[in-house]
Amino acid sequence: MDVFSAIRQRSSVRAYKATDVEEDKLKKILEAARLSPSASNRQEWKFIVVKKKETKKKLAKAAFGQSFIGEAPIVIVACATESKSIMACGQPAYTVDVSIACAFMILQAYELGLGTCWIGSFKEDETKKILDVPEHIRVVAMTPVGYPNEPPSEKSRKSLNQIVCYEKYE
Ligand SMILES: Cc1cc2nc3c(=O)[nH]c(=O)nc-3n(C[C@H](O)[C@H](O)[C@H](O)COP(=O)(O)O)c2cc1C
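If you're wondering where the values come from, they're calculated on a predicted model, not measured in any experiment. (Residues numbered from 1 in each chain as written. Predicted model: local features only at pLDDT ≥ 70, side-chain atom pairs only at ≥ 80, totals over all residues. Heavy atoms only, no water.)

1. Concerning the nonpolar core
Nonpolar side chains in soluble globular proteins tend to end up buried together.
Stage number 1. In terms of nonpolar packing, the biggest core is built from 22 residues, with Ile29, Phe47, Ile76, Val98, Met105 and Leu114 touching the most fellow members.
Stage number 2. Secondary-structure elements contributing two or more residues to this core are helix H2 (23–34), strand S1 (45–50), strand S2 (74–80), helix H5 (93–111) and strand S4 (138–146).
Stage number 3. With six residues, the single largest contributor to this core is H5.
Stage number 4. Setting aside its immediate chain neighbours within four residues, methionine 105 contacts Ile29, Leu30, Ala32, Ala33, Phe47 and Ile76. (Core = buried A, V, L, I, M, F, W, Y, C linked by side-chain atoms within 4.5 Å. Buried < 20%, exposed > 50% of the residue type's maximum accessible area, 1.4 Å probe, protein only. Helix = DSSP H or I, 4+ residues; strand = E, 2+ residues; numbered from the N terminus. Contact = heavy atoms within 4.5 Å.)

2. A closer look at the sheet that holds S1
Hydrogen bonds between backbone atoms are what pair the strands of a sheet, whose relative direction is either parallel or antiparallel.
Stage number 1. Pairing within the open sheet is antiparallel, and its four strands lie in the order S1-S2-S4-S3. Looking at the sheet topology across the chains shown, the edges are occupied by S1 and strand S3 (115–116).
Stage number 2. Across seven bridges, S2 lies against S4 in antiparallel orientation. Counterpart to isoleucine 76 in the pairing with S4 is threonine 143. (Pairing = 2+ DSSP bridges.)

3. Describing the side chain of lysine 56
Stage number 1. Mapped onto the elements of the fold, lysine 56 is located in helix H3 (residues 53–62).
Stage number 2. Buried charged residue lysine 56 carries no salt bridge. Nearest counter-charge: aspartate 20, at 7.0 Å.
Stage number 3. Aside from chain neighbours lying at most four places away, what touches lysine 56 is Val50, Lys51, Ile69, Gly70, Ala72, Pro73, Ile74 and Val75. (Lys, Arg positive; Asp, Glu negative; His and termini not counted. Salt bridge = Lys/Arg side-chain N within 4 Å of Asp/Glu carboxyl O.)

Encoded structure:
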(Lines give C-alpha, C1' and ligand atoms only; values in the text may rest on other atoms or scores of the structure.)
Protein backbone atom coordinates (compact mmCIF):
# COMPACT_ATOMS: atom_id res chain seq x y z
CA MET A 1 0.00 0.00 0.00
CA ASP A 2 1.34 3.43 -0.91
CA VAL A 3 1.33 6.23 1.67
CA PHE A 4 -1.37 8.25 -0.05
CA SER A 5 -3.77 5.29 -0.17
CA ALA A 6 -3.33 4.84 3.58
CA ILE A 7 -3.94 8.54 4.18
CA ARG A 8 -7.01 8.54 1.95
CA GLN A 9 -8.61 5.32 3.19
CA ARG A 10 -7.87 5.35 6.91
CA SER A 11 -10.63 6.40 9.24
CA SER A 12 -11.06 6.35 13.00
CA VAL A 13 -12.24 3.00 14.34
CA ARG A 14 -14.52 2.95 17.38
CA ALA A 15 -15.46 -0.75 17.45
CA TYR A 16 -12.93 -3.58 17.70
CA LYS A 17 -12.88 -7.36 17.38
CA ALA A 18 -11.54 -9.30 20.34
CA THR A 19 -8.92 -10.89 18.03
CA ASP A 20 -5.39 -10.41 19.34
CA VAL A 21 -2.92 -8.29 17.41
CA GLU A 22 0.11 -10.26 16.22
CA GLU A 23 3.35 -9.31 18.01
CA ASP A 24 5.19 -8.63 14.73
CA LYS A 25 2.47 -6.18 13.72
CA LEU A 26 2.64 -4.41 17.07
CA LYS A 27 6.44 -4.21 16.73
CA LYS A 28 6.12 -2.66 13.29
CA ILE A 29 3.69 -0.02 14.59
CA LEU A 30 6.10 0.83 17.42
CA GLU A 31 8.99 0.94 14.94
CA ALA A 32 7.03 3.54 12.97
CA ALA A 33 7.02 5.70 16.11
CA ARG A 34 10.70 5.04 16.77
CA LEU A 35 11.66 6.11 13.25
CA SER A 36 9.57 9.29 13.30
CA PRO A 37 11.25 12.67 13.09
CA SER A 38 11.46 14.95 16.12
CA ALA A 39 12.80 18.44 16.78
CA SER A 40 16.63 18.25 16.92
CA ASN A 41 16.11 14.47 16.83
CA ARG A 42 15.48 14.56 20.58
CA GLN A 43 13.15 11.56 20.63
CA GLU A 44 11.81 12.58 24.03
CA TRP A 45 9.01 10.09 24.04
CA LYS A 46 7.80 6.88 25.59
CA PHE A 47 5.01 4.64 24.36
CA ILE A 48 3.17 2.52 26.89
CA VAL A 49 1.61 -0.63 25.45
CA VAL A 50 -1.39 -1.70 27.50
CA LYS A 51 -2.94 -5.13 27.07
CA LYS A 52 -4.40 -5.85 30.50
CA LYS A 53 -8.19 -5.71 30.32
CA GLU A 54 -8.52 -4.07 33.71
CA THR A 55 -6.06 -1.29 32.85
CA LYS A 56 -7.68 -0.66 29.46
CA LYS A 57 -11.06 -0.32 31.18
CA LYS A 58 -9.58 2.25 33.57
CA LEU A 59 -8.12 4.16 30.61
CA ALA A 60 -11.54 4.17 28.94
CA LYS A 61 -12.98 5.66 32.12
CA ALA A 62 -10.22 8.31 32.20
CA ALA A 63 -11.20 9.08 28.60
CA PHE A 64 -14.67 10.16 29.72
CA GLY A 65 -16.14 6.70 29.29
CA GLN A 66 -15.19 6.09 25.66
CA SER A 67 -15.79 2.39 26.18
CA PHE A 68 -14.38 1.22 22.82
CA ILE A 69 -10.91 2.02 24.18
CA GLY A 70 -11.34 -0.79 26.69
CA GLU A 71 -12.56 -3.22 24.05
CA ALA A 72 -9.52 -3.05 21.77
CA PRO A 73 -6.84 -5.69 22.41
CA ILE A 74 -4.16 -3.01 22.77
CA VAL A 75 -4.05 0.62 23.83
CA ILE A 76 -0.90 2.62 23.11
CA VAL A 77 -0.42 5.63 25.35
CA ALA A 78 2.00 8.21 23.95
CA CYS A 79 4.01 10.26 26.45
CA ALA A 80 6.51 13.10 26.23
CA THR A 81 9.51 12.60 28.49
CA GLU A 82 10.44 16.30 28.27
CA SER A 83 7.97 19.12 27.88
CA LYS A 84 9.90 22.36 28.47
CA SER A 85 11.50 22.84 25.03
CA ILE A 86 9.92 25.59 23.02
CA MET A 87 10.98 25.75 19.39
CA ALA A 88 12.13 29.07 17.85
CA CYS A 89 8.72 29.30 16.21
CA GLY A 90 7.11 29.45 19.64
CA GLN A 91 5.52 26.02 19.58
CA PRO A 92 6.26 23.44 22.29
CA ALA A 93 8.32 20.67 20.70
CA TYR A 94 6.74 17.84 22.66
CA THR A 95 3.19 18.03 21.36
CA VAL A 96 4.49 18.24 17.79
CA ASP A 97 7.04 15.42 18.19
CA VAL A 98 4.72 12.97 19.90
CA SER A 99 1.88 13.79 17.53
CA ILE A 100 4.03 13.02 14.49
CA ALA A 101 4.98 9.66 16.03
CA CYS A 102 1.30 8.91 16.70
CA ALA A 103 0.35 9.83 13.14
CA PHE A 104 3.03 7.51 11.78
CA MET A 105 1.82 4.68 14.06
CA ILE A 106 -1.76 5.18 12.96
CA LEU A 107 -0.86 5.02 9.28
CA GLN A 108 1.37 1.98 9.80
CA ALA A 109 -1.41 0.24 11.69
CA TYR A 110 -3.79 0.91 8.84
CA GLU A 111 -1.43 -0.67 6.33
CA LEU A 112 -1.38 -3.78 8.52
CA GLY A 113 -5.19 -3.99 8.50
CA LEU A 114 -5.50 -2.60 12.01
CA GLY A 115 -7.79 0.14 13.24
CA THR A 116 -6.90 3.00 15.55
CA CYS A 117 -8.56 6.11 16.92
CA TRP A 118 -6.59 9.08 18.14
CA ILE A 119 -7.82 9.87 21.63
CA GLY A 120 -7.22 13.39 22.86
CA SER A 121 -10.17 13.55 25.16
CA PHE A 122 -8.90 12.08 28.43
CA LYS A 123 -8.06 13.23 31.92
CA GLU A 124 -4.29 13.39 31.99
CA ASP A 125 -3.94 13.19 35.79
CA GLU A 126 -6.13 10.11 36.01
CA THR A 127 -4.30 8.46 33.08
CA LYS A 128 -0.95 9.10 34.74
CA LYS A 129 -2.14 7.55 38.00
CA ILE A 130 -3.41 4.42 36.23
CA LEU A 131 -0.08 3.89 34.45
CA ASP A 132 2.36 5.08 37.15
CA VAL A 133 3.55 7.89 34.90
CA PRO A 134 5.92 10.22 36.80
CA GLU A 135 4.80 13.79 37.53
CA HIS A 136 7.07 15.52 34.95
CA ILE A 137 6.02 13.29 32.05
CA ARG A 138 3.13 14.47 29.85
CA VAL A 139 0.59 12.18 28.25
CA VAL A 140 -0.11 13.55 24.79
CA ALA A 141 -2.46 11.01 23.24
CA MET A 142 -3.57 7.42 23.27
CA THR A 143 -4.98 5.09 20.69
CA PRO A 144 -6.66 1.73 20.77
CA VAL A 145 -5.23 -0.74 18.26
CA GLY A 146 -7.12 -3.73 16.95
CA TYR A 147 -9.00 -5.29 14.10
CA PRO A 148 -11.95 -3.09 13.10
CA ASN A 149 -15.44 -4.35 13.84
CA GLU A 150 -17.21 -1.65 11.85
CA PRO A 151 -17.14 -0.46 8.22
CA PRO A 152 -14.86 2.49 7.40
CA SER A 153 -16.58 5.83 7.90
CA GLU A 154 -17.06 8.40 5.15
CA LYS A 155 -14.43 11.12 5.04
CA SER A 156 -15.74 14.61 5.57
CA ARG A 157 -13.13 17.20 4.76
CA LYS A 158 -12.91 20.79 3.61
CA SER A 159 -11.95 21.23 -0.04
CA LEU A 160 -8.38 22.12 -1.02
CA ASN A 161 -9.34 25.62 -2.08
CA GLN A 162 -10.78 26.27 1.39
CA ILE A 163 -7.51 25.43 3.09
CA VAL A 164 -4.75 26.35 0.64
CA CYS A 165 -3.64 29.75 -0.60
CA TYR A 166 -0.62 30.77 -2.59
CA GLU A 167 2.14 33.29 -1.96
CA LYS A 168 0.23 35.17 0.76
CA TYR A 169 -2.30 34.38 3.45
CA GLU A 170 -5.79 34.84 2.10
C1 LIG B 1 -6.03 15.53 18.28
C2 LIG B 1 -7.19 14.58 18.08
C3 LIG B 1 -7.98 14.22 19.15
C4 LIG B 1 -9.04 13.30 18.98
N5 LIG B 1 -9.73 12.86 20.07
C6 LIG B 1 -10.70 11.92 19.90
C7 LIG B 1 -11.35 11.34 21.01
O8 LIG B 1 -11.06 11.63 22.17
N9 LIG B 1 -12.31 10.42 20.77
C10 LIG B 1 -12.66 10.03 19.50
O11 LIG B 1 -13.54 9.18 19.36
N12 LIG B 1 -12.03 10.54 18.43
C13 LIG B 1 -11.07 11.47 18.58
N14 LIG B 1 -10.38 11.94 17.51
C15 LIG B 1 -10.73 11.46 16.15
C16 LIG B 1 -11.38 12.54 15.30
O17 LIG B 1 -12.69 12.76 15.73
C18 LIG B 1 -11.33 12.09 13.84
O19 LIG B 1 -10.00 11.91 13.45
C20 LIG B 1 -11.98 13.09 12.90
O21 LIG B 1 -13.37 13.18 13.16
C22 LIG B 1 -11.80 12.69 11.43
O23 LIG B 1 -12.33 11.40 11.20
P24 LIG B 1 -11.41 10.21 10.68
O25 LIG B 1 -10.30 9.98 11.68
O26 LIG B 1 -12.35 9.03 10.65
O27 LIG B 1 -10.87 10.56 9.34
C28 LIG B 1 -9.34 12.82 17.67
C29 LIG B 1 -8.52 13.20 16.60
C30 LIG B 1 -7.46 14.04 16.80
C31 LIG B 1 -6.56 14.37 15.62
